[in-house]
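Chains, contacts and geometry: an overview
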Amino acid sequence: MAKKAPPTPEELQKLKDAMDSTELDFANAKLAYYHRTEYKGQPVDYENLEQYAKTFIAANHAYQKALYGKVRITLSVARLMRE
């Protein structure tokens, strides 16, 4: 079985930008959750915040997989909620 070709710098940058975007969304949603305000026109409850966290985790793992070939740091929803 042939090895997979490493991603190009453009692909890595695209994955990093997506990860940064989802991280910012999560941080803003978390702040809205703590202040009991709306984010993107809807109130943020725990389930919505958990979805933002899962989206960020998926983007982070995709970036690590492309960059290192495996996931080196595993994130969890609970850990992100505490930070």
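Before going into details, it helps to say that this report is about the structure given with it. Predicted model only: the values in this text are computed from it and were never measured.

Let's shift gears to the environment of Ala59. Among the secondary structure elements, Ala59 is positioned in helix 2 (residues 46-68). Under the relative-accessibility criterion, Ala59 is labelled buried at 15%. Taking C-alpha positions, Ala59 is 7.3 Å from Thr22, a pair spaced 37 residues apart along the chain. In this view, Ala59 contacts Ala18, Met19 and Thr22; residues no more than four positions away in its chain are not counted.

Let us now look at the nonpolar core. Grouped together as the largest cluster of nonpolar side chains are 17 residues, with contacts concentrated most on Phe26, Ala29, Tyr39, Val44, Leu49 and Leu80. Secondary structure elements with two or more residues in this core: helix 1 (9-35), helix 2 and helix 3 (77-82). Here this core gets seven residues from one element, more than from any other, and that element is helix 2. Setting aside residues up to four positions removed in sequence, Leu80 forms contacts with Phe26, Lys30, Ala53, Phe56 and Ile57.

Bringing helix 2 into the picture now. The periodicity of an α-helix, 3.6 residues per turn, causes residues three or four places apart in sequence to face the same way. With 23 residues, helix 2 extends 32 Å from end C-alpha to end C-alpha; this agrees with the ideal 33 Å at 1.5 Å per step. Among all positions in helix 2, only Leu49, Tyr52, Ala53, Phe56, Ile57, Ala59, Asn60, Tyr63 and Gln64 are buried. Of the surrounding secondary structure, the elements contacted by the buried residues of helix 2 are helix 1, strand 1 (38-39), strand 2 (42-43) and helix 3.

As a packed pair, helix 1 and helix 2 sit with axes 9 Å apart at the nearest point and diverge in direction by 160°. With respect to helix 2, the axis of helix 1 lies roughly antiparallel. Crossing geometry of helix 1 relative to helix 2 is assigned as left-handed. Between helix 1 and helix 2, the residues in contact are Leu12, Leu15, Lys16, Ala18, Met19, Thr22, Glu23, Asp25, Phe26, Ala29, Lys30 and Tyr33 and Tyr46, Leu49, Tyr52, Ala53, Thr55, Phe56, Ala59, Asn60, Ala62, Tyr63, Ala66 and Leu67, respectively.

Rules used in this analysis
Residues numbered from 1 in each chain as written. Predicted model: local features only at pLDDT ≥ 70, side-chain atom pairs only at ≥ 80, totals over all residues. Heavy atoms only, no water. Helix = DSSP H or I, 4+ residues; strand = E, 2+ residues; numbered from the N terminus. Buried < 20%, exposed > 50% of the residue type's maximum accessible area, 1.4 Å probe, protein only. Contact = heavy atoms within 4.5 Å. Core = buried A, V, L, I, M, F, W, Y, C linked by side-chain atoms within 4.5 Å. Expected span 1.5 Å × (residues − 1). Axes fitted to C-alpha atoms, helices over the stretch in contact; angles between N-to-C directions. Parallel < 35°, antiparallel > 145°, perpendicular 65-115°, else oblique. Left-handed = near helix turned anticlockwise from the far one by under 90°.

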